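Architecture at a glance
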Amino acid sequence: MLIAADKFKGSLTAVEVAEHVTAGLRRAVPGLAVSAVPVADGGDGTTQAAVAAGFAPHRVQVTGPTGTPVTATFALRADGTAVVEMAEASGLQHLPEGVFAPLTATTYGTGELLLAALDAGATSIVFGVGGSATTDGGAGMLAALGARFLDADGEPVAPGGGPLRDLATADLSGLDPRLAKTAIVLASDVDNLLTGPKGAPAVYGPQKGASEEDVATLDAALAHYAEVLAGAVGPRAAEHALAPGAGAAGGIGYGALVGLDAAFRPGIDVMLDVLGFAPALAKATFVITGEGSLDTQTLHGKAPAGVAAAARAAGLDVVAVCGRLQLPQEALAAAGIRRAYALTDLEPDPARCMAEAGPLLERAAEWLARDFLV
């Protein structure tokens, strides 16, 4: 049995999901051979998954999204491969509870985290983006890495996406020279453009506290940012604004494409490679995947869909565990998942379901084992 599940957000890490599923399976089938590859799709939890796969954790203090120092972790393997998760430095979890900063939140700390990975000896970086509190197009990140963004008076523009409307000149010549020698993969589960109806501000801004007026301000500011960057680096700046992934994590994808020469890949594909999923799959006869909510988003590049696709290609059965299930059986089948076991089927009260996720997951795994293994 191979367990390759993502976190249950707000309840269990991917590692804890695997532990509880294993306990439940072995209640029904004592001595069952179980292996686990905790997975992530580039969003929050990506660093934890890398550490579970044997990467060494490195903790550093960086600038949080509102300017307050926060402790962030990146993961580094002996071969020089680093996993840097932007949410560790610039994620929603670092905002004061209930207080958003849609116009002023900065990715500066993410740039500091990338610098720390370079200082530690990283020669290639998997840059996971998602769960951000920011919509600054990666300007803060690039500034921390040595870029300069100045207003008409020659002063640095203030942090955040809103102040980019005052941007007059951009200079990327001061970017850390080590970046040019470092292979960087932008790992994301979204393929939004930078601006427009499907751009970062319109689609994700409201999740970060942006009002309709804020969304309009941010969209115009990011469009202006792209224009100024085009003046600094040429037509590729405009081309990257229309590239899949540019709108990821408040436009940090755009900053990575333009400033870091990153290559965009679906996050789950990158992470399955990095985490050693293929060798584990080769030894498996049955696969269990899952995440907190199985819904329409799952089908668009989330971890369970990627795991199921790979397992199905290998001819293996896949079932899923989840907190709540919002997909019909035909959608599950189309994704390669034979059946899904939801904790809400055992405990319909959402609050209790979240609080008791571990024991409930063990019961769900025991139920699954009795259906498929006994």
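Sequence order sets the numbering: in each chain, residues are counted from 1 along the sequence as written. Under the rules for a predicted model, residues below a pLDDT of 70 receive no local features and side-chain atom pairs below 80 are neither given nor counted, while totals for whole chains, interfaces and linings still include all residues. Note that the side-chain values use all heavy atoms of the structure and ignore hydrogens as well as water.

**With respect to the overall build of the chain**
For the chain, the count of helices and strands is 15 helices and 13 strands. In this treatment the radius of gyration is a C-alpha quantity, and the globule benchmark scales as 2.2 Å times the residue count to the 0.38 power. Its C-alpha atoms give the chain a radius of gyration of 21 Å, near enough to 21 Å, the size a compact globule of 374 residues would have. The principal-axis extent of the C-alpha atoms belonging to the chain is close to 75 × 45 × 35 Å. For every residue, the accessible area (1.4 Å probe, protein chains only) is compared with the maximum for its type, and the residue is labelled buried under 20%, exposed over 50%, or partly exposed between those bounds. Going through the 374 residues of the chain one by one, you find that 55% of them count as buried. We call two residues contacting when some pair of their heavy atoms lies within 4.5 Å. Expressed as a percentage of contacts within the chain between residues at least 6 apart in sequence, the contacts between residues at least 24 apart total 71%. Here the chain displays about 14,900 Å² of accessible surface, and carbon together with sulfur accounts for 54% of that area. In this text, helices come from DSSP runs of H or I with a minimum length of four residues, and strands from runs of E with a minimum of two, each type numbered from the N-terminal end. All accessible-area figures derive from a Shrake-Rupley calculation using a 1.4 Å probe, and residue coverage is judged against the displayed protein chains alone.

**Considerations on the side chain of Glu-347**
For Glu-347, the position within the fold is in the loop between β13 (339-342) and α14 (350-355). Taking relative accessible area as the criterion, Glu-347 reaches 12% and is therefore assigned buried. As used in this structure description, the phrase polar contact means that two N or O atoms lie within 3.5 Å; if the pair is within protein, one of them must be able to donate a hydrogen and the other to accept it, and residues adjacent in sequence are counted only when both atoms belong to side chains. Among the polar contacts made by the side chain of Glu-347, one reaches the main-chain amide nitrogen of Asp-349 at a distance of 2.9 Å. The residues contacting Glu-347, other than those within four sequence positions of it, are Arg-352, Cys-353 and Leu-360.

**Observations regarding helix α15 (residues 357-372)**
One less than the number of residues in a helix, times 1.5 Å, gives the span that helix is expected to have. Compared with the 22 Å implied by 1.5 Å per residue over 16 residues, the 22 Å span of α15 between its first and last C-alpha is a close match. Those residues of α15 that sit buried are Ala-357, Gly-358, Leu-360, Leu-361, Glu-362, Ala-364, Ala-365, Glu-366, Leu-368 and Ala-369. Looking at the buried positions of α15, the neighbouring elements they touch are α1 (14-28), β11 (286-294), β12 (317-325), β13 and α14.

**Notes on the sheet that holds β11**
Strand pairing requires that DSSP identify at least two bridges connecting the strands. The sheet built from five strands is open, its strands ordered β2-β1-β11-β12-β13 with parallel pairing. Looking at the sheet topology across the chains shown, the edges are occupied by β2 (35-36) and β13. As paired elements, strand β1 (residues 2-3) and β11 share two bridges and run parallel to each other. Looking at β11, one finds that Ile-3 is bridged to Ile-288.

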